[in-house]
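Here is how the chains run, residue by residue.
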Amino acid sequence: MRCDRSFAFADYQILFPVHSASAPREFFRRPPPPPAPIPIHPASARASRGRTSRSFRCFRRILGAAISVQNSPPHICLTMLRAKETFRKMYSVAKNYCGGGLAASDALSGVSALGRSLKPSRKASRHVVPCRARSFMQCSLGGGSADQEIVIALGSNVGDRISTFDRALRMMKNSGVNITRHACLYETSPAYVTDQPRFLNSAVRGTTKLEPHELLKKLKEIEKDIGRTDGIRYGPRPIDLDILLYGKSHISTENLTVPHERIHERPFVLAPLVDLLGSSTDDNVEKSWHSLAKCTGGFFESWDKLGGESIIGTEGIKRVLPVGNRLLDWSERTLVMGVLNLTPDSFSDGGKFQEVEAAIAQTKLLISEGADIIDIGAQSTRPLARRLSADEELERLVPVLDAITGIPEMEGKLLSVDTFYAEVAAEAVKRGVHIVNDVSGGQIDPRILEVVAELGVPYVTMHMRGDPSTMQSEQNLLYGDVCKEVASELYKRVRQAELSGIPLWRIVLDPGIGFSKNSKHNLEVIMGLESIRTEIGKMSLGASHVPILLGPSRKRFLGEICNRVDPTERDAATMVVATAGILNGANIVRVHNVKYGVDTVKVI
């Protein structure tokens, strides 16, 4: 497109085509933004009105040029008519930029010849940062074929809240939102209107090609499809979807404000938002997001002012894990997972519980001793164990699983399946299992990630290098800083799970005691759980908050330290390392001797 006229407006150029085969979609081209925004104080803005005549004249020239092309060919006139909304928004920003010195009558007199349908927009704030105004202009004019990073908040307190969230995520994906990260899940007290059920809140981070108002329209359509209707403001609702952040933009229109105007007073919004940020602000998008906060320290400082981590676990706001028909607050106490091996070759109790009757008896014992979760495994993962096929594993698992789910003692208890096969996970969940525990973190059968995402159950992803046949090789035992490397490699498993559709609020981390680690490594990991969380927090604060499962029970390294060849004689040592793990942040301990495990948890 050849342009014969161009005028500067603030930091934009407006290009008027006079020889074009078809009407262009955009008039604006924004040059690269300045290195950093320079805030304009209101007093300075007022003082500078006398110095803005040049910008004022420039704006008048733009309008004059617009009028001068009225008599251009029809396609040019059509383009200009379609641009009237553009001029409305441009006027609003120009008025702000000029400190209010631009008279509406002057501006509109020139545009009246285009149809007299242009009306002044809602008066913008004088607290305008030039670069923010530019961002607003860019996103408003739809110059965005490029993906924009966004944050969307979710809330619900009516009906099956978890199912509603799952449905909303699927509909967002189908509407042009590529979800890349999830926050943790929070159960919160209602705000403003307090006489209503408790809310579930979270947020997602992603990318979209949708313009801000197009995105808003899609979200409102999703809310309507799910069943939201007009009601009491801040009252009960099946779903609430809000745009918290959109690219680097500061948006203020009649029906959309970004950042969301009440972010800073709402813990149930700030907590999920902070989850989606790294502890480092090197990323340019995150830097711009923090610059939009009302605190000099960005959203981190805003969160700290509301109490930060000190308020998590209170009646007002709790992190929860949706499992079965309940929400687990794992901060209340450490959960005990009892082990039920259906294998002939497990290192500790192989061959003891293969028969259905024996498995049922052991399950009843574990429950009577206080197990919160029963973890059933039909495939040995000890070093050099022969790998079963999915069919062989199911042949062992299904009869026992069907019998166990039928006993009354299982009422209110949770079942976990220890498998790395997608097919086994799907069949187990179909038969009543609540949690999938994958020692490979999706590396042996990558299909398991998408299957678990569809199943909508919690997923335990564990750290291991290689597989059980290679995990203890010399190469796989090479570490520089074992805690840092475990954190980095474990976070990669988390990212794969999230990108496959498993929300962060359904992920549990297992550092893999005894897997690709020698005795020294195991002890360093157990004592370094907090440092592992810290390292993960540098990549995703949300991921650093998810539950950690620790499985040291009767492992070989305990026998080496205590000179106990028989695994059943390692229960005392197991409780010692479980204690250390709990004190360093473990939320679930996986043990063979549940009675000792429950006593240990109670004492701690």
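The structure this text deals with has already been given above.
Residues numbered from 1 in each chain as written. Predicted model: local features only at pLDDT ≥ 70, side-chain atom pairs only at ≥ 80, totals over all residues. Heavy atoms only, no water.

K.L.:
Whenever I open this one, the overall build of the protein confuses me. Can you help?
P.N.:
Summing up its helical and strand segments, the protein has 21 helices and 21 strands in all. Taking all 604 residues of the protein together, the buried fraction comes to 56%. With the model as given, the accessible surface of the protein reaches about 26,700 Å², and the carbon-plus-sulfur share is 50%. (Helix = DSSP H or I, 4+ residues; strand = E, 2+ residues; numbered from the N terminus. Buried < 20%, exposed > 50% of the residue type's maximum accessible area, 1.4 Å probe, protein only. Areas by Shrake-Rupley, 256 points an atom, 1.4 Å probe, with all protein chains shown as cover.)

K.L.:
What's the story with helix 11 (residues 298-305) in this structure? I'm lost.
P.N.:
What sets the pattern is the α-helix's 3.6 residues per turn: residues three or four places apart point alike. Taken together, the buried positions of helix 11 are Gly298, Phe299, Phe300, Ser302 and Trp303. Its buried side turned inward, helix 11 meets strand 8 (240-246), helix 9 (267-275) and helix 10 (284-291). Looking one or two residues past helix 11, Gly307 carries a phi angle of roughly 120 degrees, positive in sign. (Contact = heavy atoms within 4.5 Å.)

K.L.:
When you look at the pairing of strand 5 (residues 177-182) in this model, what are you seeing that I'm missing?
P.N.:
Side-chain direction in a regular strand flips from residue to residue, so the side chains alternate between the two faces of the sheet. Burial within strand 5 is extensive, with 5 of its 6 residues counted as buried. By the bridge criterion, 5 bridges tie strand 5 to strand 7 (residues 199-208) in an arrangement that is antiparallel. Its bridge partner lying in strand 7, Arg181 is registered against Arg205. (Pairing = 2+ DSSP bridges.)

K.L.:
I tried to follow the nonpolar core on my own but got confused; where do I start?
P.N.:
Considering soluble globular proteins, one finds that nonpolar side chains tend to be buried as a cluster. Judged by nonpolar contacts, the single largest core of 108 residues is most densely connected at Phe299, Ile374, Ile376, Leu397 and Val436. Here this core gets 8 residues from one element, more than from any other, and that element is helix 16 (residues 482-499). Each of two domains, domain 1 (148-311) and domain 2 (333-603), supplies a minimum of three residues to this core. In this structure Val436 touches Val417, Ala425, Val429, Ile448, Val452, Val457, Pro458, Tyr459 and Val460, once residues within four positions along its chain are discounted. (Core = buried A, V, L, I, M, F, W, Y, C linked by side-chain atoms within 4.5 Å. Domains from an automatic or database assignment.)

K.L.:
Would you mind going over the packing of aromatic side chains with me for this structure?
P.N.:
Considering all chains together, one arrives at 2 aromatic pairs under this definition. On the basis of an interplanar angle of 65 degrees and a centroid distance of 4.9 Å, the ring pair of Phe420 and Tyr421 is categorised as edge-to-face. On the accessibility criterion, Phe420 (4% relative accessible area) is buried. (Phe/Tyr/Trp six-rings, centres within 6.5 Å; stacked < 30°, edge-to-face > 60°.)

K.L.:
Please explain the side chain of His521 as it appears in this structure.
P.N.:
Residue placement: His521 occurs in helix 17 (residues 519-527). Look at His521 and you get buried, because its relative accessible area is 9%. Residues within four places of His521 in sequence aside, it is in contact with Leu477, Tyr479 and Val482.

K.L.:
Which parts of the structure should I look at to understand the pairing of strand 18 (residues 459-462)?
P.N.:
Neither face of strand 18 is exposed, since Tyr459 and Thr461 on one face and Val460 and Met462 on the opposite face are all buried. In this structure, strand 17 (residues 435-438) lies alongside strand 18, joined through 3 bridges in parallel fashion. Each bridged residue has a counterpart across the sheet, and for Val436 the counterpart in strand 18 is Tyr459. The β-α-β motif built from strand 17, the intervening helix 15 (residues 447-455) and the parallel element strand 18 has right-handed crossover chirality. Relative to strand 19 (residues 507-510), strand 18 is paired through 4 bridges, and the arrangement is parallel. Among the inter-strand pairings, Met462 is bridged to a residue of strand 19, identified as Asp510. In this fold, strand 18 hands off to helix 16, which returns the chain to strand 19; that crossover is right-handed. (Right-handed = clockwise from strand over helix to strand, strands pointing away.)

K.L.:
Please clarify how the sheet that holds strand 20 (residues 549-550) should be interpreted in this entry.
P.N.:
Pairing between sheet strands relies on hydrogen bonds along the backbone, with the strands arranged either parallel or antiparallel. Read from one edge of the open sheet, 8 strands run 19-18-17-16-15-14-21-20, paired in parallel fashion. Only two strands of the sheet have a single partner each, and these edge strands are strand 19 and strand 20. Across the sheet, helix 12 (residues 356-368) lies against strand 14 (335-341) and strand 15 (373-377), angled at about 165 degrees from strand 14, the strand it touches most. (Axes fitted to C-alpha atoms, helices over the stretch in contact; angles between N-to-C directions.)

K.L.:
How do you make sense of helix 14 (residues 422-430) when you look at a structure like this?
P.N.:
Within the span of helix 14, buried status applies to Ala422, Val424, Ala425, Glu427, Ala428 and Val429. On its buried face, helix 14 sits against helix 13 (390-404), strand 16 (414-418), strand 17 and helix 15. Looking one or two places after helix 14, you find Gly432, whose phi comes out positive at around 115 degrees.

K.L.:
Is there a simple way to explain the packing of helix 20 (residues 571-583) against helix 21 (residues 594-603) in this structure?
P.N.:
Packed helix pairs are specified by the crossing angle of their axes together with the interaxial distance, meaning the distance between the axes. Orientation of helix 20 relative to helix 21, taken along the N-to-C sense of each, is 35 degrees, at an axis distance of 10 Å. Where helix 20 crosses over helix 21, the two elements pack in a sense that is right-handed. Across the interface between the two elements, Asp571, Met575, Thr579 and Ile582 from helix 20 touch Tyr596, Gly597, Thr600 and Val601 from helix 21. Taken together, the residues of the contact of helix 20 with helix 21 break down into 4 nonpolar, 3 polar and 1 charged. (Left-handed = near helix turned anticlockwise from the far one by under 90°. Nonpolar A, V, L, I, M, F, W, Y, C, P; charged D, E, K, R; others polar.)

K.L.:
I keep staring at the pattern of salt bridges and nothing clicks. Help me out?
P.N.:
Oppositely charged side chains can form a pair if their charged atoms are brought close together. Summed over all chains, the structure comprises 31 salt bridges. Sharing partners across several salt bridges, the network here consists of Arg161, Glu187, Arg198, Glu315, Lys318 and Glu332. (Salt bridge = Lys/Arg side-chain N within 4 Å of Asp/Glu carboxyl O.)

K.L.:
Would you explain the packing of helix 14 against helix 15 in this entry?
P.N.:
Closest axis-to-axis distance for the helix 14/helix 15 pair is 8 Å, and the angle between their directions is 20 degrees. The pairing of helix 14 with helix 15 is recorded here as roughly parallel in orientation. For helix 14 against helix 15, the interelement crossing comes out right-handed. On the side of helix 14, the interface is formed by Ala422, Ala425, Ala426 and Val429, while helix 15 contributes Arg447, Ile448, Val451 and Leu455. Of the residues that constitute the contact of helix 14 with helix 15, the class distribution is 7 nonpolar, no polar and 1 charged. (Parallel < 35°, antiparallel > 145°, perpendicular 65-115°, else oblique.)

K.L.:
Honestly, the layout of surface pockets in this entry has me stumped. Any pointers?
P.N.:
The gaps left among the atoms become clear once a water-sized probe is rolled over them. Volume-wise, the second largest pocket comes out at about 1,100 Å³. Every residue lining the second largest pocket is counted, 43 residues in all, and those nearest its centre are Arg228, Arg237, Asp240, Asp242 and His260. Mapped onto the lining of the second largest pocket, the elements with two or more residues apiece are strand 4 (148-156), strand 7, helix 8 (212-226), strand 8 and helix 9. Class assignment for the residues of the lining of the second largest pocket results in 16 nonpolar, 13 polar and 14 charged. (1 Å grid on protein atoms, 1.4 Å probe; cavity = no way out; pocket = protein on both sides within 12 Å on 5 of 7 lines; lining within 4 Å. Points joined across faces, edges and corners; volume = space filled by probe spheres on them.)

K.L.:
Hey, could you run me through the side chain of Ser540 in this one?
P.N.:
Tracing the backbone through its elements, the reader meets Ser540 in the loop between helix 18 (529-537) and strand 20. Of the polar contacts made by the side chain of Ser540, one reaches the backbone nitrogen of Ala543; its length is 3.2 Å. Ignoring anything within four residues of it in the chain, the contact list for Ser540 reads Arg181, Asp275, Leu277 and Tyr491. (Polar contact = N/O pair within 3.5 Å; in protein donor to acceptor, adjacent residues only side chain to side chain.)

Read these as layout, nothing more, since geometry by itself doesn't imply function.
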